[in-house]
Amino acid sequence: MEQDQLFSEIKKIVAYVIEVDENEFDGETKFVDDLGVDSMMALEILVGIEKKYKVKIPEDRLENITNLNESVALAREFIEGK
Amino acid sequence: MASEKRQPVDQLDFNQVKEILPQRFPFLMIDRIVEIKAGEKVVGLKNISGNEEFFQGHFPDLPVMPGSLILEAIAQTAIVLFCYGNTDQDVSRRTFLFGSVKARFLSPAYPGDRMLVEVTPVKLISTGGVVKGVAKVEDRIVCKGELSFSVNKEKAT
């Protein structure tokens, strides 16, 4: 899958979960400090990725949900390892 | 004794439900668990009585069970799903809080209805989870949705 496509799809998931407009954040915007993401929202982002790409991501990888770029990298790792 | 009572049987009575849920009157929205498969599925039963105190106000001339309390029944069934078979013995003394809810209400529940609440996991982790829930009266779907919840290690004061 193209990086741009994956990026924009996961951006949509994040925007939906945290109820923030897509143009209010980019790849490096910090989820916790800049967007007020809490542990439940991070879990919901993880679940959103799992559902969309039919992958299973273990709980200890929640720590990778820190910004959009990291989330995309995490998703890519599991999509490619499928 | 607690571990003995939590042996995998497929039903829980009211007292066993109370051992798991931290909620008490008037906020226990599940009377019994009629089906349970650890980590996979829990079906709770709520017999909706015309005597429920919320019917005094919701609504005086048209008693329908508040949607928020139907969600509470789903959430409490989710707590049973989270706790049942969980090897952490302190789990039932923890506090559970809603993260988010996405739900659709499809038909009302009235006094006399026997509401079955089925909850299945989307993802459960050590500190919370995301579950799907469906509340039905006979074959009629009352509410369906997805909710997330977190588990606090300390009891709410």
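In case you missed it, the structure is sitting above this.
Cut-offs and rules
- Residues numbered from 1 in each chain as written.
- Chains lettered and ligands numbered in written order.
- Predicted model: local features only at pLDDT ≥ 70, side-chain atom pairs only at ≥ 80, totals over all residues.
- Heavy atoms only, no water.
- Helix = DSSP H or I, 4+ residues; strand = E, 2+ residues; numbered from the N terminus.
- Buried < 20%, exposed > 50% of the residue type's maximum accessible area, 1.4 Å probe, protein only.
- Areas by Shrake-Rupley, 256 points an atom, 1.4 Å probe, with all protein chains shown as cover.
- Contact = heavy atoms within 4.5 Å.
- Salt bridge = Lys/Arg side-chain N within 4 Å of Asp/Glu carboxyl O.
- Polar contact = N/O pair within 3.5 Å; in protein donor to acceptor, adjacent residues only side chain to side chain.
- Core = buried A, V, L, I, M, F, W, Y, C linked by side-chain atoms within 4.5 Å.
- Patch = residues over 30% accessible without salt bridge, like charges linked within 9 Å, V, L, I, M, F, W, Y side chains within 5 Å.
- Axes fitted to C-alpha atoms, helices over the stretch in contact; angles between N-to-C directions.
- Parallel < 35°, antiparallel > 145°, perpendicular 65-115°, else oblique.
- Left-handed = near helix turned anticlockwise from the far one by under 90°.
- Pairing = 2+ DSSP bridges.

Student: Can you tell me about the overall build of chain B, naming the residues and giving the values?
Tutor: Broken down by element type, chain B carries 3 helices and 6 strands. Counting helices and strands in the order they occur from the N terminus, chain B gives α-α-β-β-α-β-β-β-β. Taken over 157 residues, chain B has a buried fraction of 43%. Put simply, chain B shows about 8,400 Å² of open surface, and 50% of that area lies on carbon and sulfur atoms.

Student: I'd like to hear about the interface of chain B and chain A, residue by residue, with values.
Tutor: At the interface, 16 residues of chain B touch 12 residues of chain A. Viewed at the interface, chain A and chain B are joined by 2 salt bridges. The residue K51(A) makes a salt bridge to E146(B) at a minimum N-O spacing of 2.6 Å. Taken together, the links from chain B to chain A amount to 6 residue pairs in polar contact (both at pLDDT 80 or more). Contributing elements (two or more residues each) for the side of chain B that touches chain A: β3 (95-105), β4 (114-125), β5 (128-137) and β6 (140-152) of chain B.

Student: I'd like a rundown of the nonpolar core, residues and numbers included.
Tutor: Generally speaking, nonpolar side chains in soluble globular proteins are found buried as a group. If you look at the biggest cluster of nonpolar residues, it comprises 40 residues, and the most contacted ones within it are M65(B), V80(B) and M115(B). The element that contributes the greatest number of residues to this core is helix α3 (residues 67-83) of chain B, accounting for 12 residues. Those residues in contact with M65(B), other than ones at most four positions away along the chain, are M29(B), K46(B), I48(B), F54(B), F55(B), H58(B), I70(B), A109(B) and M115(B). If you look at the next biggest cluster of nonpolar residues, it comprises 32 residues, including L6(A), A15(A), V17(A) and I45(A).

Student: Please set out a nonpolar patch on the surface residue by residue, giving values where relevant.
Tutor: A surface patch of nonpolar side chains, amounting to about 290 Å² of accessible area, comprises F59(B), L62(B) and Y110(B). Under the relative-accessibility criterion, Y110(B) is labelled partly exposed at 35%.

Student: Lay out the packing of helix α1 (residues 3-18) of chain A against helix α3 (residues 39-53) of chain A with the relevant residues and their values.
Tutor: How two helices sit against one another is set out by the angle between their axes and by the gap between those axes. Residue and element names in this part refer to chain A. Relative orientation of the contacting elements α1 and α3 amounts to 135°, with a least axis distance of 9 Å. The angle between α1 and α3 falls in the class oblique. Considering how the two elements wind past one another, α1 and α3 form a crossing that is right-handed. Note on element contacts: α3 touches α1 through M41, E44, I45, G48, I49, K52 and Y53, opposite L6, E9, I10, I13, V14, V17 and I18.

Student: Would you mind going over the pairing of β6(B) in detail, with residue names and values included?
Tutor: Where a strand is regular, its side chains alternate between the two sheet faces. Residues and elements named next belong to chain B. Bridge count for β3 against β6 is 10 bridges, and the pairing is antiparallel. Note on β6: the bridge partner recorded for F98 is F149. With 10 bridges connecting them, β5 and β6 associate as antiparallel partners. Along β6, the bridge assignment pairs K136 with I141. Where β5 folds back onto β6 in an antiparallel hairpin, the turn is made up of 2 residues, including E138, whose phi is positive at roughly 55°.

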